[in-house]
Amino acid sequence: MTSLERFGGDSEMRIGNAERDALADLLRTSVDQGFLDLDEYEKRVDVVMAAKTVGEAAPALADLPAYHRILDADEPEKLGTPEWVKWMWVGFSIPIGICVSIWLIIFLLADATYPWPLWVAAPFFGVGVPLTVAERFIQRPAAARKRREELRRKRMGR
């Protein structure tokens, strides 16, 4: 999370050197995009560098589109379990459930003790567990990084 991503509507939040530098970069970007001239930039940088809270720095930034994009940008929602993982486990549970049900009936009626449904369940677990672990620890963090990067680009106006 960059320093700018922590700004919200809280005008009493104190800012430090990293935040002041980020806001100065935002002002520099506004000069590059033609929203400010150099004299106005210098005045606003002085205000930002002297600010102790977000509320003190806000007047120097209030009319800049880049600052409003930062304030208006929504945080990405947390990534949940994808549908394909859910449906995979639903699909795996059907044949396993049928086999276990048949085995239970045979176990209760004919006293069969050999747990043959394990031969059905093992391949499904052998495929399902690695796919679920790969999604959880490889794909999901990569997607989260990509979404954070897109949000950062959106906030910086690029």
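Residues numbered from 1 in each chain as written. Predicted model: local features only at pLDDT ≥ 70, side-chain atom pairs only at ≥ 80, totals over all residues. Heavy atoms only, no water.

Considerations on the packing of helix H1 (residues 17-32) against helix H2 (residues 38-50)
- Interhelical geometry of H1 versus H2 gives an angle of 170° and a closest axis separation of 10 Å. Judged by the inter-axis angle, H1 sits roughly antiparallel to H2. For the pair H1 and H2, the sense of crossing is right-handed. Residues Arg20, Asp21, Leu23, Ala24, Leu27, Arg28 and Val31 of H1 lie in contact with H2, whose contacting residues are Leu38, Tyr41, Arg44, Val45, Val48 and Met49. (Axes fitted to C-alpha atoms, helices over the stretch in contact; angles between N-to-C directions. Helix = DSSP H or I, 4+ residues; strand = E, 2+ residues; numbered from the N terminus. Parallel < 35°, antiparallel > 145°, perpendicular 65-115°, else oblique. Left-handed = near helix turned anticlockwise from the far one by under 90°. Contact = heavy atoms within 4.5 Å.)

Examining the packing of H1 against helix H3 (residues 54-61)
- The contact between H1 and H3 brings their axes to 11 Å, and the two run at 5°. In this view, H1 runs roughly parallel relative to H3, as classed from their interaxial angle. Mapping the contact onto sequence places Leu23, Leu26 and Leu27 in H1 and Ala57, Ala60 and Leu61 in H3.
- Class assignment for the residues of the contact of H1 with H3 results in 6 nonpolar, no polar and no charged. (Nonpolar A, V, L, I, M, F, W, Y, C, P; charged D, E, K, R; others polar.)

Details of a nonpolar patch on the surface
- Residues Trp87, Val90, Ile94, Ile98, Ile102 and Ile106 make up a contiguous nonpolar surface patch of about 570 Å² in total accessible area.
- Mapped onto the elements, Ile94 comes out in helix H5 (residues 83-110). (Patch = residues over 30% accessible without salt bridge, like charges linked within 9 Å, V, L, I, M, F, W, Y side chains within 5 Å. Areas by Shrake-Rupley, 256 points an atom, 1.4 Å probe, with all protein chains shown as cover. Salt bridge = Lys/Arg side-chain N within 4 Å of Asp/Glu carboxyl O.)

Some details on H5
- The terminal C-alpha atoms of H5 lie 40 Å apart, and with 28 residues this matches the ideal 40 Å at 1.5 Å per residue to within 8%.
- Where H5 is concerned, the buried positions are Val85, Met88, Phe92, Ile96, Cys99 and Trp103.
- In the stretch just after H5, Asp111 is the one whose phi turns positive, near 60°. (Expected span 1.5 Å × (residues − 1). Buried < 20%, exposed > 50% of the residue type's maximum accessible area, 1.4 Å probe, protein only.)

Focus: the packing of aromatic side chains
- Counting across every chain of the model gives 4 aromatic pairs.
- Where Trp89 meets Phe125, the ring centres are 5.7 Å apart and the plane angle is 45°; that geometry is what we call tilted. With Trp89 in helix H5 and Phe125 in helix H6 (residues 117-156), the pair connects residues that are 36 residues apart, well separated along the chain.
- Connected via pairs of aromatic rings, a cluster forms that spans Trp89, Phe92, Phe124 and Phe125. (Phe/Tyr/Trp six-rings, centres within 6.5 Å; stacked < 30°, edge-to-face > 60°.)

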